[in-house]
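Observations on chain architecture
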Amino acid sequence: MRADRRRVSLWVGAWIVGAASPAHAAFGFDDLMRTLAQRRSGEAKFVEQRFVAVLDQTLTYTGTLSYTAPDKLARHTLTPRPESFVVEGNQLTLQRGQRVRRLALDSVPELAAMVEAMRGTMSGDGSALQRYFKPTVQGAASRWTLTLVPLDFRLLGVVRLLRIDGHQSDVRVVELQLADGDRSVLTIDPISSKTRP
Amino acid sequence: MTRRTIITLALWLGALAACAAVIVHTRFSADLSAFLPAAPDARQRALIEQLKSGVAARTLLIGIRGGDAAQRAAASRALADRMRAEAAFEQVLNGDFAAYAAVGRWVVEHRYQISPAVSTERFSADGLREAIDDTLSLLGTPAAASVKPLLERDPTGEVQRIAEGALSGGGPRTRDGVWVSRDGQRALLMALSRAAGADLDAQAHALQTIRDAFAAQATPGLVLELSGAPKFAVDSREQIRSETKTLAITGTIMMGGLLLVTFASLRALAAAVLPVASGIVAGVATVSLVFGGVHGMTLGFGTTLIGEAVDYAIYYLIQARGGAAGGPHADEPGWRRWLHEGWPTVRLGVLTSVCGFLALAFSGFPGLAQLGVFSVAGLIAAALTTRFVLPLALPNGTPGVGLRRHLGHWADRLVQVTPRARHWFTALGIAAALVLLWRHDRLWESELSSLSPLSAEALALDAELRAQLLSGDERTLVAVMGPDLEAVLQRVEAVSARLDALVQQGRLSGYEAITRWLPSQATQQRRRAALPDAATLRANLAAATAGGSLSAKRLEPFIDDVQHARAAAPISAATLAQTPVAPITAALLVQGSDGQATALLPLVQPAGADGDALHAALEQALRDIDGAHVLSVGDELRRLYRHYLGEAQGQALFGALGVVLLMGCWLRSLPRLLAVCKPLLLAVLLTMAGFALAGVALGILHLVGLLLVVAVGSNYSLFMDWLRHQQSTDEDTLASLLLANITIVLSFGLIALSHIPALSAIGRVVAPGALLALLTSAAYASASARPRAAPMVKVPSERA
């Protein structure tokens, strides 16, 4: 019951936030998407910190992220242990140690939404983001924050919101807030990127 | 009435009554099993067994179209809820994972027995550390929702490991919590009916339950789509029922009209019906006795028997006409004279037909064997009725004149005109043989579907739903056999290890295996032995979590669960059957009718995979595992079909040889035998060449049709030979041949229009084939008579 009420208040909150942002803002969602769509490919190092209530310590992961337009996204974790997460189109390949798993992304919609949050942001695919999230943009092209609140109540039961900070077409920080209060912060340090001429 | 009459009538009526008694207790089936051959080798047997009675025969595929996505999702949930409340369904799947809660609880409870990761190393300090790190790496991500509640009981993530294996490959697309097609335009459900696939009444009831459940909740604009083997079986039974009825009624009216116009006598008409009806009754009863049941298609074929059986009546009715011809028996009553003159030829015709169809009775296809037995019994009964009962009803044939005189005229003309075209026929025959030689590689159909009574649209819908629901290629699977269940399970584990390697290489997306739920006892024993006692585990855990983020003292529930698992009773096939997992495993381990267990491992191929290459890779990977077979259902069925087509061709040739031998024994003259065979050969060649030129590949049922052409045609050709031999031009005999031919061409022409492919195939061969047989028989009628220069054909007006 409490979770439901929280969910509802989140919904309402998200709606108010969305409605409150002025439609004629200098830098809006469409502007951001246009900026992001310039990117053809990119590679970056990342550091992810996870803050989990039940654990005594913060979990830290490092590795590389790469994106190739239009739809390939790869996350290779290097420490503490190698692991990879590669998505291309509707196909997701997970590898941990010697074990490889392949999944159709659309058979697990919650996963599809999370992938789209990253991939849609990387590629500036506004309609993909809007399919799963209510997006809100704050700031300016030089420093913007994109907030994504899940539309699907099932996903909302797990993920409260994603907050993505960036600079021009670079994504810098992805913060994921889970419904149970745990969160993770992914800090991205670009190595290279290619944009449309 | 003489005593003989009474005895004859009593025997006939008694036989009919006995047949009727058998028919009343007959089970009529219309499932697809009659079109599945009794397989020759073990792996094909496993396949056929699976197709006949396995889960495939009970699986219904359901689609909901129209409306918007939310309406379809709501309809899917509502339909699934209603169906789950019905006893008719063992399992209803629509992608709503809430329905899997019970399975989830079972998995959690048995995780140390079924997790592939359980080993001695895993419970060492290092192994535990690694496993716990794996699990912790999911925390702080959306996946944590499924890990967190179990963290303290299952820190090594065995449940995750089990789920990883079970959720392999593609899977249907999920939207709004239910399965949808990849394009999102259709909600998808899958149901397993409780009743056996062959229990068509129960299947029909299950289908109706779904329709009612859908109608009760459906939003206007939503459309229900149903497919799957049970639906096909029920539909084809319905189609066969209605078509058989239509064919029987139309055929009867047509024949009745024709005979009435010809004979202008109701009595003659009634008499003509007797052999036909007796034949059908005897045929059905015999099939029922021999096979323990009658397939709907056999009944459908019964209507075709009208064509040949009515001929016997026609021959009798016309040829036994009183005082028709001169000759040694002219002063006897018509029936007695017919016994001397017409009957021997009819009898020979019956014997040749029986000979031809007897070959079919030994077919490996139950459907064909039934056709063979049905025809043999039916033709014998029809002939006996003609021989013994008709003389009692109409001792002098039919009294009426009607069109008969005209028929005689036309038949005479035919016999006069066609011999002039004899060389043309010969030339055509040679041309036909050349056409057949030229097209010999494309002459025969290689698809089993040619035997299927299903329409192309139904198959297309099924393929579509199947592709969406069963992801990838469910038509490739590995079957594993062994002397006993434990051996089978151990072999499945060996196979799984090889398949895992293929999955790692990306050649396979995934597979399912019974051992994920029911490991062999050896494996369960090994896993149990790997679980440490509480003290050891506690010590290892302390070492493993030292300096980590999860402290060992929170993991006491884990230690308890492991100790509990050490004492748990092993999972057996019997205990598994009582669990919520049973519906999932039903498809993976099938108990054959011989009591032998076969495990089936359905494979999920990556999108766009090369099926042949995968098949080869699988064969290579599994070659040294005893009892493991790679099956490609399509290929295997095609192979089986080819095998049986070959067998049927052999049987047909054997039957034809029997026909020739019989005629040879009767005629005792090689030239006469050749003269009789030539028209038959020509008719068959010309018919086959016609099909080849039209681009229609011949299937087993076309072959049955050709056999019928030979059977029917041998009557024409034998009568022509008899007339020639008698130096006679009995106009009545000619008239009866012409009339018999018209009835056969009409009745098989009618069947050619049937919507059931199997029936129309027979019709399309026999109608033109029989006509050709009459023409060629007439064309060569005077061949051997010519040297004697006797006028073969007298001017008919003398006797009119």
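Treat the numbers as computed from the prediction; the structure is a model and nothing was measured.

What follows is about the overall build of chain B. Along its length, chain B carries 30 helices and 13 strands. Counting only contacts in chain B whose residues sit at least 6 apart along the sequence, the fraction spanning at least 24 positions is 82%.

Turning our eyes to something else, we now look at the overall build of chain A. Check the secondary structure of chain A and you find five helices and eleven strands. Counting the 197 residues in chain A, one finds 30% classified as buried. For chain A, the proportion of contacts with a sequence separation of at least 24, taken over those separated by at least 6, is 45%.

Bringing unusual backbone geometry into the picture now. Trans is the prevailing form of peptide bonds, just as negative phi is the prevailing case for residues other than glycine. Residue and element names in this part refer to chain A. The amide bond that connects A69 to the next residue, P70, takes the cis arrangement and shows omega of 0°. As for its placement among the helices and strands, P70 is situated in the loop between β2 (59-68) and β3 (72-79). With an omega dihedral of 0°, the bond running from T79 to P80 counts as a cis peptide bond. Checked against the element boundaries, P80 lands in the loop between β3 and β4 (83-88). One non-glycine residue with positive phi stands out, namely Q168, at about 50°.

This paragraph deals with the confidence of the model for chain A. Scored by pLDDT, chain A comes out at a mean of 83, with 86% of its residues at no less than 70. Here helix α1 (residues 2-20) of chain A stands out as the element of chain A with the lowest mean pLDDT, 43, in contrast to strand β8 (residues 143-150) of chain A, whose mean of 94 is the highest.

So, on to the nonpolar core. Residues L317, V709 and A770 of chain B are the most contacted members of the largest nonpolar core, which totals 132 residues. Sorting elements by how many residues they give to this core places helix α28 (residues 700-726) of chain B first, with 17 residues. In this structure L317 of chain B touches F263, A268, A271, A272, L394, G397 and T398 of chain B, once residues within four positions along its chain are discounted. If you look at the next biggest cluster of nonpolar residues, it comprises 56 residues, including A113, L155 and L178 of chain A together with I132 of chain B.

Attention now goes to the interface of chain B and chain A. With 25 residues of chain B at the contact, the number on the chain A side is 28 residues. Listed by contribution, the elements that provide at least two residues to the side of chain B that touches chain A are α6 (125-136), α7 (144-147), β4 (173-175) and α19 (485-504) of chain B.

All names here are of chain B. Here helix α16 (residues 404-417) spans 20 Å end to end across 14 residues, near enough to the 20 Å set by a 1.5 Å rise per residue. Among the residues of α16, R404, L407, G408, A411, D412, L414 and V415 are the ones counted as buried. Summarising the axial view, the buried residues of α16 lie within an arc of 155°, below the 170-degree limit, and thus occupy one face.

In the case of a regular strand, side chains alternate between the two sheet surfaces. All names here are of chain A. Examined bridge by bridge, strand β7 (residues 133-140) and β8 share eight bridges and lie antiparallel to one another. Across the sheet, the residue bridging to Q138 is T145, located in β8. The loop that links β7 with its antiparallel partner β8 comprises two residues. Here five bridges tie β8 to strand β9 (residues 159-167), and the two strands are oriented antiparallel to one another. Paired with L146 across the bridge in β9 is I164.

Residues and elements named next belong to chain B. By secondary structure assignment, the location of G283 is in helix α11 (residues 266-291). On the neighbour-count criterion, G283 (30 C-beta atoms within 10 Å) is buried. In sequence terms G283 and V376 are 93 residues apart; their C-alpha atoms lie 7.6 Å from each other.

Attention shifts here to the sheet that holds β4 of chain A. Residues and elements named next belong to chain A. Read from one edge to the other, the open sheet built from eleven strands follows the order β6-β5-β4-β3-β2-β1-β11-β10-β9-β8-β7, with strand pairing classed as antiparallel. The outermost strands of the open sheet, each flanked by one partner alone, are β6 (99-104) and β7. Adjacent strand axes in the sheet meet at a mean angle of 15°, parallel and antiparallel pairs treated alike. Alignment of strand β5 (residues 91-96) against β6, held across six bridges, turns out to be antiparallel. Its bridge partner being in β6, T93 is matched across the sheet by R102.

As a further point, take the packing of helix α14 (residues 342-360) of chain B against helix α15 (residues 366-393) of chain B. All names here are of chain B. Axis separation between α14 and α15 bottoms out at 7 Å; the angle between their running directions is 165°. Relative to α15, α14 is oriented roughly antiparallel. As α14 runs across α15, the sense of the crossing is left-handed. Within the contact between the two elements, α14 uses W343, V346, V350, S353, V354, F357, L358 and L360 and α15 uses L368, A369, L371, G372, S375, V376, L379, I380, A383 and R387.

Relative orientation and spacing of two packed helices are given, respectively, by the angle between their axes and the distance between those axes. All names here are of chain B. Running from amino to carboxyl end, helix α1 (residues 3-24) crosses α11 at an angle of 50°, the nearest separation of the two axes being 9 Å. Relative to α11, the element α1 lies oblique. Where α1 crosses over α11, the handedness of that crossing is left-handed. Here L16, C19, A20, V22 and I23 of α1 come into contact with α11, specifically with S278, V281, A282, V284, A285, S288 and L289. Considered class by class, the residues forming the contact of α1 with α11 number ten nonpolar, two polar and no charged.

With that settled, the discussion passes to the confidence of the model for chain B. Residue and element names in this part refer to chain B. Summary statistics for chain B give a mean pLDDT of 82 and a share of 86% for residues scoring 70 or more. For chain B, the element scoring lowest by mean pLDDT is helix α2 (residues 42-53), at 62; helix α20 (residues 521-530) scores highest, at 95. Confidence drops under a pLDDT of 50 for residues 783-800, and excluding neighbours within four residues, the segment shows 24 contacts in the predicted structure.

Before going further, it helps to spend a moment on the environment of R439 of chain B. Position of R439 of chain B relative to the elements: it lies in the loop between α17 (422-438) and α18 (456-469). In the structure, R439 of chain B is positioned 256 residues away from G695 of chain B in sequence and 9.5 Å away in space, judged by C-alpha atoms.

Calculation rules
Residues numbered from 1 in each chain as written. Chains lettered and ligands numbered in written order. Predicted model: local features only at pLDDT ≥ 70, side-chain atom pairs only at ≥ 80, totals over all residues. Helix = DSSP H or I, 4+ residues; strand = E, 2+ residues; numbered from the N terminus. Contact = placed C-beta atoms within 7 Å. Buried ≥ 20, exposed ≤ 12 C-beta atoms within 10 Å, placed from the backbone. pLDDT = per-residue confidence, 0-100. Core = buried A, V, L, I, M, F, W, Y, C linked by C-beta atoms within 7 Å. Expected span 1.5 Å × (residues − 1). Arc of directions from axis to C-beta. Pairing = 2+ DSSP bridges. Axes fitted to C-alpha atoms, helices over the stretch in contact; angles between N-to-C directions. Parallel < 35°, antiparallel > 145°, perpendicular 65-115°, else oblique. Left-handed = near helix turned anticlockwise from the far one by under 90°. Nonpolar A, V, L, I, M, F, W, Y, C, P; charged D, E, K, R; others polar.

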